[in-house]
Amino acid sequence: MPMTCHQPPPAMESRTKAARCETDPATSTGSKAAAPPPPRPRKIMMVFGAPGAGKGTQGAKIVETLDIPQLSTGDMLREAVAAGTEVGKQAKAVMASGGLVSDEIVIGIIADRIKQPDCSKGFILDGFPRTVAQTKALDEMLAKTGEAVSLVMAFEVDPAVLEERICGRWMDKGSGRSYHVKFCPPKSMKLGPDGKPLPATMTDDQSGALLFQRPDDTAEALIKRLDGYNSQTLPILDHYKPKGIVKTVDGGRHIDEVWKDVSAKLVAK
């Protein structure tokens with residue numbers, strides 16, 4: 001005798017469908033799954049100021065507080081070249097020929113870098129942009145993803161204070177650690193008869209390696225650097241001021257006082 005499939009009576013089938021609809025969110029019309037909250041916009045910052053204004057010192061504290069990376073143009077350029085990205089290859093070819101890397105290439109490198117996971121909550125730009133033209137190119141790049149710079153932390157410091165900071169600075173080449181003959185001297189420092197530190201005694205506290213002074217950390221070089229900053233970089237603040245995102249900080253005070261001001265402005269609306 002042939003086997004037959006037993007179908008439920010029409011009334012039972014209707015009740016079965018109704019019960020299924022009541023418990024299946026995919027078919028229920030009575031309720032909908034809550035939509036996930038929209039992602040929070042990224043914090044896109046710039047630390048801004050003349051050489052010696054404290055961008056590096058305060059930037060490190062901002063990184064720790066907001067848990068977002070500080071992106072140096074030089075570091076990004078080296079990383080892109082080492083990784084062999086498309087824009088990295090372009091930059092490598094330009095540098096190999098002795099040329100200057102174009103703004104377009106730098107913008108491309110930044111665009112690639114800020115897609116990485118550590119930039120998911122935001123990032124801090126350090127050393128770029130340096131001109132209004134670069135600023136406009138950056139704005140256009142960010143606008144492609146509906147983003148924009150959200151905060152410019154501008155450090156203002158008297159030129160005399162800048163000279164004292166710059167000319168007294170010594171660096172450890174391997175780690176990037178920074179020392180200052182007055183504010184943060186290495187433990188090994190000894191002074192000569194003229195009151196100046198003896199170079200042979202200027203060693204890193206941790207590695208013992210000899211410290212060095214950058215060639216442009218001199219009073220003469222600072223004058224030229226400040227001229228370029230005032231004529232080319234300072235106008236960037238005028239570009240962003242109408243947007244209400246420029247926060248000015250007196251960077252000539254003690255580090256702790258400066259940080260108290262900076263941390264308050266990080267959360268200020």
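Residues numbered from 1 in each chain as written. Predicted model: local features only at pLDDT ≥ 70, side-chain atom pairs only at ≥ 80, totals over all residues. Heavy atoms only, no water.

Novice: Let's hear about the overall build of the chain: which residues, and what values?
Specialist: Along the chain, the regular secondary structure elements total ten helices and seven strands. A buried classification covers 35% of the 269 residues belonging to the chain. Total accessible area on the chain stands at roughly 16900 Å², and carbon and sulfur atoms take up 58% of it. (Helix = DSSP H or I, 4+ residues; strand = E, 2+ residues; numbered from the N terminus. Buried < 20%, exposed > 50% of the residue type's maximum accessible area, 1.4 Å probe, protein only. Areas by Shrake-Rupley, 256 points an atom, 1.4 Å probe, with all protein chains shown as cover.)

Novice: Any chance you could break down the nonpolar core for me, citing the residues and the numbers?
Specialist: Where a protein is soluble and globular, its nonpolar side chains tend to be buried together. In this structure, L138, V149, V152, Y240 and V262 are the most contacted members of the largest nonpolar core, which totals 53 residues. It is helix α5 (residues 103-113) that contributes the most residues to this core, six residues altogether. If near-sequence neighbours (up to four positions away) are discounted, V149 is found in contact with I44, M46, L138, D139, L142, Y240 and I245. (Core = buried A, V, L, I, M, F, W, Y, C linked by side-chain atoms within 4.5 Å. Contact = heavy atoms within 4.5 Å.)

Novice: An account of the sheet that holds strand β7 (residues 246-250) is needed here, citing residue identities and associated values.
Specialist: Here we have five strands laid out as an open sheet, ordered β2-β3-β1-β4-β7, and parallel in their pairing. Single-partner strands in this sheet number two, and they are β2 (70-72) and β7. The average undirected angle you get between the axes of adjacent strands in this sheet is 25°. Note: β2 against strand β3 (residues 122-126), three bridges, orientation parallel. Its bridge partner being in β3, L71 is matched across the sheet by L125. Contacting β2 and β3, helix α3 (residues 73-83) runs over the sheet at an angle of about 70° to β2. Against the sheet, helix α10 (residues 255-267) contacts β1 (43-49), β4 (151-156) and β7, and its axis sits at roughly 165° relative to β7. (Pairing = 2+ DSSP bridges. Axes fitted to C-alpha atoms, helices over the stretch in contact; angles between N-to-C directions.)

Novice: Now, about the packing of helix α2 (residues 55-66) against α10: what can you tell me, with residues and values included?
Specialist: Interaxial distance between α2 and α10 falls to 11 Å at its minimum, and their mutual angle equals 45°. Viewed along their axes, α2 and α10 adopt a mutual orientation that is oblique. Read as a crossing pair, α2 and α10 show a hand that is right-handed. Across the interface between the two elements, T57, Q58, K61, I62, T65 and L66 of α2 pack against I255, V258, W259, V262 and L266 of α10. Tallied by class, residues from the contact of α2 with α10 come to seven nonpolar, three polar and one charged. (Parallel < 35°, antiparallel > 145°, perpendicular 65-115°, else oblique. Left-handed = near helix turned anticlockwise from the far one by under 90°. Nonpolar A, V, L, I, M, F, W, Y, C, P; charged D, E, K, R; others polar.)

Novice: Give a description of α10 that names residues and reports values.
Specialist: An ideal rise of 1.5 Å per residue puts 18 Å on 13 residues; α10 measures up with 19 Å between its terminal C-alpha atoms. Turning to α10, its buried residues number three or more, namely V258, W259, V262 and L266. Seen end-on, α10 carries its buried residues on one side only, within an arc spanning 95°. Residues of α10 that are exposed and point more than 90 degrees away from the buried face comprise D256, K260 and V267. Contacts from the buried residues of α10 go to β1, α2, β4 and β7. (Expected span 1.5 Å × (residues − 1). Arc of directions from axis to C-beta.)

Novice: So, the packing of aromatic side chains: which residues are in play, and what are the values?
Specialist: Scanning all chains against the criterion turns up one aromatic pair. Summarising the aromatic geometry, the rings of F48 and Y229 are spaced 6.0 Å apart at their centres and angled 50° between planes, so their arrangement reads as tilted. Residue F48 is found in strand β1, and its partner Y229 is found in helix α8 (residues 219-233); the two are separated by 181 residues along the sequence. An identical accessibility class is assigned to F48 and Y229; each is buried. (Phe/Tyr/Trp six-rings, centres within 6.5 Å; stacked < 30°, edge-to-face > 60°.)

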